[in-house]
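Topology and contacts: notes
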2 protein chains.
Amino acid sequence: MNFLEERIVKDGIVKEGNVLKVDSFLNHQMDVELFREMGEEFKRRFAGKEINKILTIEASGIGIACVVALVFNVPVVFAKKSKSINVDGDMYVADVESFTHKCKNQVIVSKKYLGKDDHVLIIDDFLANGCALQGLISIVNQAGGTVEGIGIAIEKGFQVGGQVIRNLGYQLESLAIVDSMDASTGEIVFRKQ
Amino acid sequence: MNFLEERIVKDGIVKEGNVLKVDSFLNHQMDVELFREMGEEFKRRFAGKEINKILTIEASGIGIACVVALVFNVPVVFAKKSKSINVDGDMYVADVESFTHKCKNQVIVSKKYLGKDDHVLIIDDFLANGCALQGLISIVNQAGGTVEGIGIAIEKGFQVGGQVIRNLGYQLESLAIVDSMDASTGEIVFRKQ
């Protein structure tokens with residue numbers, strides 16, 4: 001087990017309905033030293049990639065992205081969630097359907113902060129069905145930029161998101177891939193990487 | 001002028017209605033090296049305070065808080081915005097009225113992550129009328145914790161928020177206090193500190 005898998009086993013809580021609660025260290029309370037370790041691991045996994053910008057999505061992706069960005073020494077842009085239909089022409093827009101909240105949101109990024117010269121590492125805390133991630137990829141493509149890679153903290157390997165993204169040829173690195181969880185025993189099975 | 005004031009003059013844009021756009025480096029695209037410099041300045045200004053946790057509010061506060069937390073070597077907790085009335089008993093709740101969006105939100109923090117032993121530094125990107133900040137202070141008080149200080153990137157000194165908080169006796173440190181702005185000339189007047 002790597003450092004993140006160990007932490008998930010130690011502090012994560014498995015709930016009914018394939019819910020993994022990691023809000024003690026990842027997405028409500030945030031262990032920024034752990035985030036730095038994640039940044040260093042992403043730096044190793046994306047070695048050789050010319051990354052000049054990190055893209056993430058509000059809210060819980062922002063903390064990880066900012067600490068990872070310190071390791072990569074690049075700026076972060078975070079996509080904003082918006083329910084409004086009327087977005088002016090200065091914005092890239094993608095539709096994102098949330099698995100958790102069963103609602104559709106628009107995700108927007110100002111055209112000022114993403115363009116054809118950008119080589120982007122996308123960072124997020126969770127990957128499940130991958131809708132948020134698809135929205136972020138769409139936005140980089142709209143900008144004419146390059147998705148150099150995708151770094152995820154925890155992937156739910158039993159959902160379709162990761163496979164779709166890998167099928168599309170992207171380098172997707174998830175620091176922990178959960179293949180199954182059992183709420184009755186609390187057991188978590190990670191994919192061997 | 002300090003480093004943040006210089007950056008605001010260089011990259012900030014003054015708009016009609018006392019709007020200061022700093023989304024090229026603070027709250028959409030994020031300059032994490034600048035955030036680190038802010039962290040080091042907060043570390044100086046709150047020297048001698050025993051701070052064991054940083055509290056902020058989603059979304060744009062999270063990035064600054066996480067980088068500042070690396071400098072302080074403490075975890076971050078971010079308050080979530082919620083429109084739902086039904087919050088279970090495991091949450092601290094405060095009502096927050098947004099100046100920008102003219103709407104009321106509930107701000108919630110899990111009781112697991114804030115308690116009577118916590119000595120809290122509150123971090124946010126902007127302070128205007130101070131409603132968000134009042135909500136965060138309320139949550140620390142509900143938890144029985146101690147607000148050791150409040151660190152803000154940009155305070156709108158012509159709005160009431162900062163004065164209220166200082167009147168209440170809190171150590172509020174704003175790295176840049178804008179006393180006036182002129183959208184026609186782009187001129188920004190900072191308060192001498």
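Further up the page is the structure itself.
Residues numbered from 1 in each chain as written. Chains lettered and ligands numbered in written order. Predicted model: local features only at pLDDT ≥ 70, side-chain atom pairs only at ≥ 80, totals over all residues. Heavy atoms only, no water.

Of the regular secondary structure elements, chain A holds five helices and eleven strands. Computed over the C-alpha atoms, the radius of gyration of chain A is 16 Å, within 12% of the 16 Å expected from 2.2 N^0.38 for a compact globule of 193 residues. Taking the principal axes of its C-alpha atoms as reference, chain A extends roughly 50 × 35 × 30 Å. The buried share of chain A, reckoned over its 193 residues, is 56%. Considering only contacts in chain A between residues 6 or more positions apart, those separated by 24 or more positions represent 59%. About 8500 Å² of surface is accessible on chain A, with carbon and sulfur atoms providing 47% of the total. For chain A, the distance from the average position of its 22 positive side-chain charges to the average position of its 26 negative side-chain charges is 3 Å. (Helix = DSSP H or I, 4+ residues; strand = E, 2+ residues; numbered from the N terminus. Rg over C-alpha atoms; globule rule 2.2 N^0.38 Å. Buried < 20%, exposed > 50% of the residue type's maximum accessible area, 1.4 Å probe, protein only. Contact = heavy atoms within 4.5 Å. Areas by Shrake-Rupley, 256 points an atom, 1.4 Å probe, with all protein chains shown as cover. Lys, Arg positive; Asp, Glu negative; His and termini not counted. Charge placed at Lys NZ, Arg CZ, Asp CG, Glu CD.)

Residues and elements named next belong to chain A. For the structure shown, the criterion picks out two aromatic pairs over all chains. Taking the centre distance of 6.3 Å and the plane angle of 35° together, the rings of Phe 42 and Phe 46 count as tilted. Each member of the pair, Phe 42 as well as Phe 46, is classed as buried. (Phe/Tyr/Trp six-rings, centres within 6.5 Å; stacked < 30°, edge-to-face > 60°.)

So, on to the interface of chain A and chain B. Facing 32 residues of chain A, the contacting portion of chain B comprises 32 residues. Together chain A and chain B conceal approximately 2700 Å² of surface at their shared face, both sides included; 65% is due to carbon and sulfur atoms. The largest share of the area that chain A buries against chain B comes from His28(A), Leu70(A) and Tyr113(A), three residues that together contribute 27% of it. At the junction of chain A and chain B, the tally comes to zero salt bridges. At the junction of chain A and chain B, the tally comes to twelve residue pairs in polar contact (both at pLDDT 80 or more). Taken together, the elements giving at least two residues each to the side of chain A that touches chain B come down to strand 3 (29-30), helix 2 (32-45), helix 3 (60-72), strand 5 (76-82) and strand 7 (104-110) of chain A. Per-element tally for the side of chain A that touches chain B: the top contributor is helix 3 of chain A, with seven residues. In terms of residue class, the side of chain A that touches chain B is built from 17 nonpolar, eight polar and seven charged. The pairing of strand 3 of chain A with strand 5 (residues 76-82) of chain B spans two bridges and is classified as antiparallel. (Buried area = accessible area lost by both parts, 1.4 Å probe. Salt bridge = Lys/Arg side-chain N within 4 Å of Asp/Glu carboxyl O. Polar contact = N/O pair within 3.5 Å; in protein donor to acceptor, adjacent residues only side chain to side chain. Nonpolar A, V, L, I, M, F, W, Y, C, P; charged D, E, K, R; others polar. Pairing = 2+ DSSP bridges.)

With that settled, the discussion passes to a nonpolar patch on the surface. All names here are of chain A. There is a patch of nonpolar side chains on the surface, built from Val 160, Val 164 and Leu 168 and spanning about 250 Å² of accessible area. Residue placement: Val 160 occurs in the loop between strand 9 (146-156) and helix 5 (161-167). For Val 160, a relative accessible area of 46% translates into the label partly exposed. (Patch = residues over 30% accessible without salt bridge, like charges linked within 9 Å, V, L, I, M, F, W, Y side chains within 5 Å.)

Here we take up the side chain of Glu173(A). All names here are of chain A. Structurally, Glu 173 is set in strand 10 (residues 172-181). A polar contact is formed between the side chain of Glu 173 and the side chain of Arg 45, at a distance of 3.1 Å. If we skip the residues at most four places from it in the chain, Glu 173 touches Phe 42, Arg 45, Phe 46, Ile 150, Gly 151 and Ile 152.

Looking now at helix 4 (residues 131-143) of chain A. All names here are of chain A. Taking 1.5 Å of rise per residue, the 13 residues of helix 4 would be expected to cover 18 Å, and the 19 Å separating its terminal C-alpha atoms lies within 8% of that figure. Residues Cys 131, Leu 133, Gly 135, Leu 136, Ile 137, Ile 139, Val 140 and Ala 143 constitute the buried set of helix 4. One or two steps after helix 4, the chain reaches Gly 144, where phi turns positive at roughly 80°. (Expected span 1.5 Å × (residues − 1).)

These figures capture arrangement, not role.
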